[in-house]
Every structure is written in structure tokens, then in C-alpha cells.
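So the chains spell out like this:
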Amino acid sequence: MRVNAIILAAGRGTRMGERGSKVLLPVAGRPLILHTLDRFGSSREVDRAVLVVPPEDVRTYEALLKGSSPEGLEVGVRPGGARRQDSVRAGLEALDPDCEFVIVHDGARPFAAADLIDRCVRESRRDRSVTAAVPARNTIKTVFDGRVKETLPRSRLWEIQTPQAFPVRTLREAYALAEREGVEATDDAMLVEHMGAPVWVVDGSTVNLKVTYPEDILFAEALVARGVV
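All figures in this text were calculated on a predicted structure; none of them were measured in a lab.

Asks: Could you clarify how one ought to interpret the side chain of Asn4 in this entry?
Replies: Along the chain, the position of Asn4 falls in strand 1 (residues 2–8). Classification of Asn4 as buried rests on a relative accessible area of 0%. Within polar-contact distance, the side chain of Asn4 engages the backbone nitrogen of Asp96 at 2.9 Å. With residues up to four places along the chain from it excluded, the contact list for Asn4 reads Val46, Arg48, Leu95, Asp96, Cys99, Phe101, Val102 and Ile103.

Right under this line is the structure:
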């Protein structure tokens, strides 16, 4: 049962104060995206990755991968779209014809361990849609016009991460429904939920950070320097 990955790198680093792609920023002397691809190269489950990037940067990524592709992983580059959903849809169109399971991951999460990737895939092989997640560590409140309206029960709150893994047919059905109904979501699991299908949780990791703000690069550098990842 062939497994492909869609790795999303089409966003711009506006919150990083960068106009270019944040996944090209250096972490421990290498572009961040190469750390991400290394993890998928170490996976025992993933056969091929589709790297979705800004259309104007396709050649830049192709040149980067010529000398730096992770061993054991075939990587193809695909132009993305204006929205995250457009980029995932582009990745779905580029999957192998015999691909039965797909794992979607944010390129800006460079430290998703190969074991986490493989656990997500193994769960999806049980005909499940799954997402990596960790229990919320902070108290969460809903706020309206600067005023606290409600404190949510932390025992039931989880912080959602990627990777997320799905049977290909399930994710395609979810995207088709979202397009028909004009639904937008911040991750793929939300679209599966909207379809009425269950989504299961796989224990993620607190070091599976998403690089979003400048201080996240410093944290990522520290994790590498201390040998945590």
C-alpha cells in the first residue's frame, strides 16, 4: 500500500518579518526545509514526497534538492496556490496513481520524528484519519472585545500539529465537499470533521514546533545544538 507525503512550503514568512519563504531560512547551517525532509527520508512508511512551494520559487527548490535530497526519499516539487487548501489540492493532484494513503505536513515543522510520521501512517492504514496532537499546557479562555467570556476545560483541549494522515479517498472526498460548500479550514482534519467522519489523535511531541515567529528559529537552533532532535 503506497504512501505519499504532501509537504507544504508555499507560505510566506510574514510573521517572521521575511518576504521570502521562511522554510529556506537557515537552522544549524542548513535550510529549514531540509531538516523537515530528513525526517521523511528516515521514515519506514513514506515512499515519496510532494513538496508544494510558491510558483515563482519552483526552480529554487529544484536546485536546492539536486544536491540535498534525503537518501531513500523521492521528492517532487509542485507549485502551490494562494491558500493552504489550494496547495494541498495541488499536492493531491500530484500523488502517485497507486497511492492509497497520504500524510500531510507543514514544511515549517522541521522536527517531526520519523517514528511520529510512521505511527500516523500505521493508524491511517486502519482506515482512519489521524492527526498528531499534544494536550494543552496553558489555560485557554474565549475572549470577546477584550473581555473574557469563558474558561474552557483544559482536560479536553489538545494542541493540533502535523503530520496528519488519511486514506487518499477520504481526503479527496473531504476536499470535494469543501469546494462545493465553500468551506475553508486551517488544517485538513477540519475538512474531514466537516464531512462527518471521525478524526483520531496520535500523541505528538512538544519539540515538533512550527517555526512561525523569529524566536522560533532560536528555539530550533537550541534543540539542534543540544542534541534534542
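Asks: Help me out: how do you make sense of a nonpolar patch on the surface in this one?
Replies: Residues Trp158, Ile160 and Val201 make up a contiguous nonpolar surface patch of about 260 Å² in total accessible area. Among the secondary structure elements, Trp158 is positioned in strand 10 (residues 158–167). Accessibility expressed as a relative area gives 38% for Trp158, which makes it partly exposed.

Asks: Hey, could you run me through the pattern of salt bridges in this one?
Replies: Side-chain pairs of opposite charge can arise whenever the charged atoms involved come near each other. The tally for this structure, following the rule as stated, stands at 19 salt bridges. Between Arg128 and Glu123 there is a salt bridge, and its shortest N-O distance comes to 3.1 Å. Residue classification places Glu123 among the partly exposed positions, given a relative accessible area of 21%. Connected through salt bridges with shared partners, the residues Arg2, Asp47, Arg48, Glu74, Asp96 and Asp98 form a single ionic network.

Reading the values: the criteria
Residues numbered from 1 in each chain as written. Predicted model: local features only at pLDDT ≥ 70, side-chain atom pairs only at ≥ 80, totals over all residues. Heavy atoms only, no water. Helix = DSSP H or I, 4+ residues; strand = E, 2+ residues; numbered from the N terminus. Buried < 20%, exposed > 50% of the residue type's maximum accessible area, 1.4 Å probe, protein only. Polar contact = N/O pair within 3.5 Å; in protein donor to acceptor, adjacent residues only side chain to side chain. Contact = heavy atoms within 4.5 Å. Patch = residues over 30% accessible without salt bridge, like charges linked within 9 Å, V, L, I, M, F, W, Y side chains within 5 Å. Areas by Shrake-Rupley, 256 points an atom, 1.4 Å probe, with all protein chains shown as cover. Salt bridge = Lys/Arg side-chain N within 4 Å of Asp/Glu carboxyl O.

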